[in-house]
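# Observations on chain architecture
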Amino acid sequence: MGKLWLGVGILVLFLVLGLWTNHAMNDIHMGIAEALDTAAEEALSGNLAAGRKTAEKAKASWDAHWHSSAAVADHAPMDEIDGLLSQLESYGRADQPGDFAACCSRLSLLVQAMCEAHSLTWWNLL
């Protein structure tokens, strides 16, 4: 009987850890995605300087949480996000608001996809 409760306890522990990971990934990545969307809108409205500043904040948040995300996430999308963040800086410095906004939008979608990959949905359970 003790082995049964040990097994149930381990399953409950995994459930709690999964829910906590879902919540943490959502908090981290949805804020970054929203900031990148805002940066794209600012760049397209003619205020590239404000867009660059907003994107820099998003990058700082990404960098601050990179190791905790890497502990639970697939590294391939993270590498792509890192590369696009480097491109984003170049577009901002080169004063290319269209390319800057497009890169921000792409980054936002990738960050949202990372978040959704760790959410509790029926298709993630299959």
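Residues numbered from 1 in each chain as written. Predicted model: local features only at pLDDT ≥ 70, side-chain atom pairs only at ≥ 80, totals over all residues. Heavy atoms only, no water.

### Here's the deal with the packing of helix H2 (residues 48-64) against helix H4 (residues 75-93)
- H4 packs onto H2 with a crossing angle of 155° between their chain directions and a minimal axis gap of 11 Å. When the interaxial angle is binned, H2 and H4 end up roughly antiparallel. With respect to the hand of their crossing, H2 and H4 are arranged in left-handed fashion. For the pair H2 and H4, contact is made by Leu48, Arg52, Ala55, Lys59 and Trp62 and by Met78, Ile81, Asp82, Leu85, Leu88, Glu89, Gly92 and Arg93, respectively.
- In the contact of H2 with H4, the residues fall into seven nonpolar, one polar and five charged. (Axes fitted to C-alpha atoms, helices over the stretch in contact; angles between N-to-C directions. Helix = DSSP H or I, 4+ residues; strand = E, 2+ residues; numbered from the N terminus. Parallel < 35°, antiparallel > 145°, perpendicular 65-115°, else oblique. Left-handed = near helix turned anticlockwise from the far one by under 90°. Contact = heavy atoms within 4.5 Å. Nonpolar A, V, L, I, M, F, W, Y, C, P; charged D, E, K, R; others polar.)

### Looking at the nonpolar core
- Core analysis: the biggest nonpolar cluster contains 28 residues, and Leu36, Ile81, Leu88, Phe100 and Leu107 have the highest contact counts within it.
- Taken together, the elements giving at least two residues each to this core come down to helix H1 (2-44), H2, H4 and helix H5 (97-117).
- Per-element tally for this core: the top contributor is H1, with nine residues.
- Look past the residues within four positions of leucine 88 in its chain and what remains in contact with it is Leu36, Ala55, Phe100, Cys103, Cys104 and Leu107. (Core = buried A, V, L, I, M, F, W, Y, C linked by side-chain atoms within 4.5 Å. Buried < 20%, exposed > 50% of the residue type's maximum accessible area, 1.4 Å probe, protein only.)

### Points about the environment of glutamate 80
- Relative to the elements of secondary structure, glutamate 80 occurs in helix H4.
- On a C-alpha basis, the gap between glutamate 80 and leucine 107 in space is 8.9 Å, while along the polypeptide they are 27 residues apart.
- Discounting residues that sit within four places of it in the chain, glutamate 80 has contacts with Arg106 and Leu110.

### Structural notes on the packing of H2 against H5
- Close contact between H2 and H5 brings their axes to 12 Å; oriented N to C, the two are set at 30°. Relative to H5, H2 is oriented roughly parallel. Where H2 crosses over H5, the handedness of that crossing is left-handed. Contacts between H2 and H5 pair Leu48, Gly51, Arg52, Ala55 and Trp62 from the former with Pro97, Phe100 and Met114 from the latter.
- Counted by class, the contact of H2 with H5 contains six nonpolar, one polar and one charged residues.

### Quick word on H1
- Over its 43 residues, H1 runs 63 Å from end to end, which matches the ideal 63 Å to within 8%, given 1.5 Å per residue.
- Where H1 is concerned, the buried positions are Thr21, Met25, Ile28, His29, Ile32, Ala33, Ala35, Leu36, Ala39, Ala40 and Ala43.
- Close packing links the buried residues of H1 with H2, helix H3 (66-70), H4 and H5.
- Trailing H1 by a residue or two, glycine 46 shows a phi angle of about 100°, which is positive. (Expected span 1.5 Å × (residues − 1).)

### Remarks on H4
- Between its first and last C-alpha atoms H4 spans 28 Å; for 19 residues at 1.5 Å apiece the expected length is 27 Å, and the two agree.
- With its phi angle positive at about 60°, aspartate 95 sits one or two positions after the end of H4.

Read these as geometric descriptors, not functional statements.
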